[in-house]
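A look at the structure
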Amino acid sequence: MLRKIACSVWQRHAAAQCIVPVARMSQYGPHFIEPIVNRDKIEELHKTGDLSKISHVPVKAALSNQNCSVFYDPLVAQFTNYVMKQGNKQLARDLVEKGFENIKRLQLERYHLSESEEEKAKLELNPRRLLHQAVENCRPLLQLTPIKRGGVRYQVPVPITEKRSYFLAMKWLLEAIREKERTVHFPEKMAWEILDAAANQGKVVKRKHELHRQCEANRAYAHYRWS
């Protein structure tokens, strides 16, 4: 009996040694570069001659939601991902598209109610461009970072990266949209907030200005960033 138990234990130990460990690293090496799917960037590289420099460099596979279509907008795709909850991307796409329809409808109403041609020329009817303009108006330039010096924690203003600023702008937009009345549907609230932000108004723009004022008030602690 003891011999059988010992044999079974030895067989399990031998089988465990034969198991190949799972590779827990990226399938792409450090010499792989990110794919360039934007046609404008490809044309710029072609004009400057930099496209020939990377023609021999291996490229990573593009993501499933990346393409070189003229209808693809990286900012809209990123905004849709932030709207999405629990992986339901189709619902997020439908909500964003309905929001764009509401923006288009509101802008067309303003266009037809305008009396002069100058007012009509100033109105932007493309909802995607309005989203870009709204995000640009909501992007913060500085942020406060807590730094501890001498047992005291100071709020130090530091410059913010471009990627982080875009993330905060879209995050603040969605928070302002979801803070509105629950009786109003998401596409309508989204249209109102984007139009306000595109006109440099609304909660999100005030929030950005308030953050900049706090950074200006704490500018005396800016030297703690390097100390």
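Our subject in this report is the structure included herewith. (Residues numbered from 1 in each chain as written. Predicted model: local features only at pLDDT ≥ 70, side-chain atom pairs only at ≥ 80, totals over all residues. Heavy atoms only, no water.)

1. Points about the overall build of the protein
Across its full length, the protein holds nine helices and two strands. The secondary structure elements of the protein, listed N-terminal to C-terminal, are α-α-α-α-α-α-β-β-α-α-α. For the protein, buried positions account for 27% of its 227 residues. Long-range pairs, those at least 24 residues apart, make up 67% of the contacts in the protein with a sequence separation of at least 6. Accessible area for the protein stands at about 16500 Å²; split by element, carbon and sulfur atoms hold 54% of it. (Helix = DSSP H or I, 4+ residues; strand = E, 2+ residues; numbered from the N terminus. Buried < 20%, exposed > 50% of the residue type's maximum accessible area, 1.4 Å probe, protein only. Contact = heavy atoms within 4.5 Å. Areas by Shrake-Rupley, 256 points an atom, 1.4 Å probe, with all protein chains shown as cover.)

2. Focus on the nonpolar core
Ranked by size, the top nonpolar core spans 34 residues in total, and within it Phe79, Val135 and Met190 carry the most contacts. Looking at this core, the elements that each hand over two or more residues are helix H3 (74–83), helix H4 (89–113), helix H6 (127–138), helix H7 (162–179), helix H8 (186–198) and helix H9 (203–217). Setting aside anything within four residues of it in sequence, one finds Met190 in contact with Phe79, Leu95, Val96, Gly99, Phe100 and Ile177. Counting five residues, the second-largest nonpolar core is a separate cluster that includes Ile147, Val156, Val158 and Tyr224. (Core = buried A, V, L, I, M, F, W, Y, C linked by side-chain atoms within 4.5 Å.)

3. Concerning the pattern of salt bridges
Scanning the model with the defined rule gives nine salt bridges in all. Arg139 is paired through a salt bridge with Glu136; the nearest N and O atoms lie 3.2 Å apart. A relative accessible area of 19% means that Arg139 is categorised as buried. Glu175 is the partner of Arg207 in a salt bridge, and the nearest nitrogen-oxygen pair spans 2.7 Å. (Salt bridge = Lys/Arg side-chain N within 4 Å of Asp/Glu carboxyl O.)

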